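Chain by chain, the residues:
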Amino acid sequence: MKISSALRLGLAKYLAYSLLALLLIPLAAYLFTGYAQRDEDTRFIARISQRIDAEKAMPAAEKQVQKDFYRTNPPSTICTNQDPEVADYREAMCETYGELWQFNLVRKLSLWSMVAGVVLLVAVLALGALAFVNRRLQYTSFVTGWHLTTWASATSLVVQGALAVWLSFWVTAFFMHKYWPKLIILVGILVACGVFMAVVGIFKRVQLNNGVDGELLTEADAPLLWARIRHMAERLKTEPPRNIVAGIDANFFVTEAPLTVGNQQLTGRTLFVSIPLLRLLDQAEADAVLGHELAHLRGGDTQSSALLGPKISQYDHYRHAMREGGLTAVFLPLIDLYRTIFEVALARESRAREFEADRTAAQLISPDAIAQSLVKIAAYARYRSKIESELFGQNRKHDAAALGIASYVAQGLPPYAASADFLSEMRTANVPHPFDSHPAMPERMRSVGVALAESDYGAIVVRVPATTWAQQILTADAIEQRMWGAYEQAFAAEHERSLAYRYEPANDEERALVLQYFPPVQYALKGSDTVTVSIEGIATSADGATVAWDAIKALEFKESTWGNALIVTHPEKAMIGAKTSKIKLGGLKKEKDAFNAKVGHYWQRHQIMRAQQQEA
């Protein structure tokens, strides 16, 4: 598996940003304390030399001895000097929590922080490399990397936060001989919030929802299919699935993770089968696909995914919390670096597992069967996605009862297989799967030793199978009818909602649809005044004018003791700078957050609508 240049660049950026995040503040503290201590040493020696020279009763030779002593033992070194002869000097200079004590502590802390940062980065890279060795070490790598990066980032945030607070006082105090309490408090609050978010993110437990749209197939629903799957599992010397779920998604998969189907929670081995694809595949082609999925069960792929899946989800939620946590985002590159390296290792392992499962299916059934099934599944998935994209892009409202996506796909698949676009799309096609990143279809064919001519792809897709496993599922028609009905209803509802964002109402029907999702919303202001947010813009009753959305380039809500206001920046230029105006919002207090959210929502709709018009 080759790593793309874009991925290499991304990894290089994460590495550079990780170094910056781990070393910048400690390096700044180290350099500052070094400079300040050298400066203070110079000043101290100058002062003490003047005082020694002022001692008239002291012989010149003794004066030179004392000055040499202080030059040899400046304040910056005395706190770590355990020589008994300098005990009085050390005690006088190195008072606990005093200035010299602080500078020495911060210098050591910053140095060890940099050392720890480099060690941490090397450990992350080593754990990333470990993930490439084998599946067992991949799990060990991720669990170790998860705990190391999360706790290390939180710890580093505490240490660097303390250094940042200390620097916010001493940098200004040293160079300007004054300090700003507000700056120190602000940095302290940011650090405290960041630490809180990081620690909460570590301990927060993620609720996993492994739901799938489908219906459970009992043995009574499909006795011959169940028997066939058990027979193939026996030949592969692996335990058969405990559950079979049938649905209309364009894929097959197996999992050992808990799965929610309707109101049922399934555990153990579960096989998902696609009824539309079972209608397209003949029994040998379907057997090859089912054999491929059973090979994943035999190889321990699903068990590994079931163990890793929740931990990866937890880690990704922590990444999201760090990204949204303000100051915590500084350490996100380190977390992203490990996650990206692990994802490459996971994808590499996934590809190897797919090739191995294909070869197992080819031995179990035939190489031609697996190759032909790949062509049919890829073609169906591509064409169905194409049809759904076209339907969703239409600017007319769909009737869910008459949408007929299944009919569109069934009728249009043969012409698509004969179209000019078909072959070019199939060259890069892969078979969709919810849990693994599958290799491209041509690579998978080569791995089982089949070299299908591209000119044969179309004929394979349109070939009507003599018998299918869908015919052996007694409840297949009823399941499809229920699931397509629910799917198309949800599709039509989401499409209708998207139209509310796209339309600049041209007639009463379009206006009614937009207003269904974006009705005018009124907020009370001081006295009897009101402000109204609508698809036209923002209007206040005080002046009776409406600021249209097209007249707005930017918005800023200003709070003031004299009354809140919305500052509008217009697209036009003023005499100096951008043209602005003010919408007075006196009296808008408790509802200010709701008002701002509504303004943002309606303005976003207007921007999407204008962008849609430009694309059209």
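It should be noted that the structure appears before, not after, this text.
Residues numbered from 1 in each chain as written. Predicted model: local features only at pLDDT ≥ 70, side-chain atom pairs only at ≥ 80, totals over all residues. Heavy atoms only, no water.

Sheet analysis places strand β11 (residues 554-558) next to strand β12 (residues 565-573), joined by 5 bridges and oriented antiparallel. When the sheet's bridge partners are listed, Lys558 is paired in β12 with Ala565. Connecting β11 to the next strand, β12, in antiparallel fashion are 6 residues, including Gly563 with a positive phi near 125 degrees. (Pairing = 2+ DSSP bridges. Helix = DSSP H or I, 4+ residues; strand = E, 2+ residues; numbered from the N terminus.)

So, on to the sheet that holds strand β7 (residues 521-524). Here 4 strands make up an open sheet; going across it, the order is β7-β8-β9-β10 and the pairing antiparallel. Two strands in the sheet have a free side with no partner beyond their single neighbour: β7 and β10 (546-548). Across the sheet, the mean angle from the axis of one strand to that of its neighbour is 15 degrees, orientation sign disregarded. (Axes fitted to C-alpha atoms, helices over the stretch in contact; angles between N-to-C directions.)

Quick look at the pattern of salt bridges now. Going through the model one piece at a time under the given rule, you end up with 27 salt bridges. Among the salt bridges present, the one from Arg43 reaches Asp39, with a minimum N-O distance of 2.7 Å. Taken as a pair, Arg43 and Asp39 lie in helix α1 (residues 5-54) at a separation of 4 residues, close to a single helical turn. When the shortest N-O distance is used, the salt bridge between Glu343 and Arg339 registers 2.6 Å. Here the residue Glu343 and the residue Arg339 both occupy positions in helix α12 (residues 332-364), the gap between them amounting to 4 residues, near one helical turn. (Salt bridge = Lys/Arg side-chain N within 4 Å of Asp/Glu carboxyl O.)

Attention now moves to the sheet that holds strand β1 (residues 215-216). Taken in spatial order, the 4 strands line up as β1-β2-β6-β3 in an open sheet, and their pairing is mixed. One side of each edge strand has no neighbouring strand; the edge strands of this open sheet are β1 and β3 (253-255). Relative to strand β2 (residues 243-247), β1 is paired through 2 bridges, and the arrangement is antiparallel. Across the sheet, Glu215 pairs through a bridge with Ala246, a residue of β2. Each of β3 and β6 (270-274) is contacted by helix α10 (residues 283-298), which is oriented at about 20 degrees to β3, the strand it contacts most. (Contact = heavy atoms within 4.5 Å.)

We now examine the nonpolar core. Leu217, Phe252 and Val273 are the most contacted members of the largest nonpolar core, which has 66 residues in total. A total of 13 residues in this core trace back to one element, the largest contributor, which is helix α13 (residues 367-393). Aside from chain neighbours lying at most four places away, what touches Leu217 is Ala222, Leu225, Trp226, Ile244, Ala246, Val273, Ile473, Thr475 and Ile479. (Core = buried A, V, L, I, M, F, W, Y, C linked by side-chain atoms within 4.5 Å. Buried < 20%, exposed > 50% of the residue type's maximum accessible area, 1.4 Å probe, protein only.)

We now examine a nonpolar patch on the surface. A contiguous nonpolar surface patch, about 510 Å² in accessible area, is contributed by Tyr35, Phe175, Met176, Trp180 and Leu183. Within the fold, Met176 resides in helix α6 (residues 135-176). For Met176, a relative accessible area of 48% translates into the label partly exposed. (Patch = residues over 30% accessible without salt bridge, like charges linked within 9 Å, V, L, I, M, F, W, Y side chains within 5 Å. Areas by Shrake-Rupley, 256 points an atom, 1.4 Å probe, with all protein chains shown as cover.)

What follows covers α6. Owing to its 3.6 residues per turn, the α-helix aligns residues three or four sequence positions apart on the same side. With 42 residues, α6 should cover 62 Å at 1.5 Å per step; its first-to-last C-alpha distance of 58 Å lies within 8% of that length. Of all bends in α6, the biggest is about 30 degrees, found at Leu167. Among the residues of α6, the N-terminal cap falls to Asn134, whose side-chain oxygen and the backbone nitrogen of Arg136 are separated by 3.2 Å. Phi for His177, located one or two positions after α6, is positive at around 60 degrees. (Expected span 1.5 Å × (residues − 1). Bend = angle between axes of the 7 residues up to and from the residue. Polar contact = N/O pair within 3.5 Å; in protein donor to acceptor, adjacent residues only side chain to side chain.)

Along the chain, Glu480 falls in helix α18 (residues 476-502). Residue classification places Glu480 among the buried residues on the basis of a relative accessible area of 12%.

Assignment of secondary structure puts Ala379 in helix α13. Once the C-alpha coordinates of Ala379 and Leu423 are considered, the two residues, 44 residues apart in sequence, prove to be 9.7 Å apart. Those residues in contact with Ala379 that sit more than four places away from it in its chain are Leu413, Tyr416, Phe422, Met426 and Val461.

A separate point is the environment of Gly600. The residue Gly600 is located in helix α20 (residues 592-615) in this model. A sequence separation of 45 residues divides Gly600 from Leu555, and the C-alpha atoms of the two residues are 8.9 Å apart.

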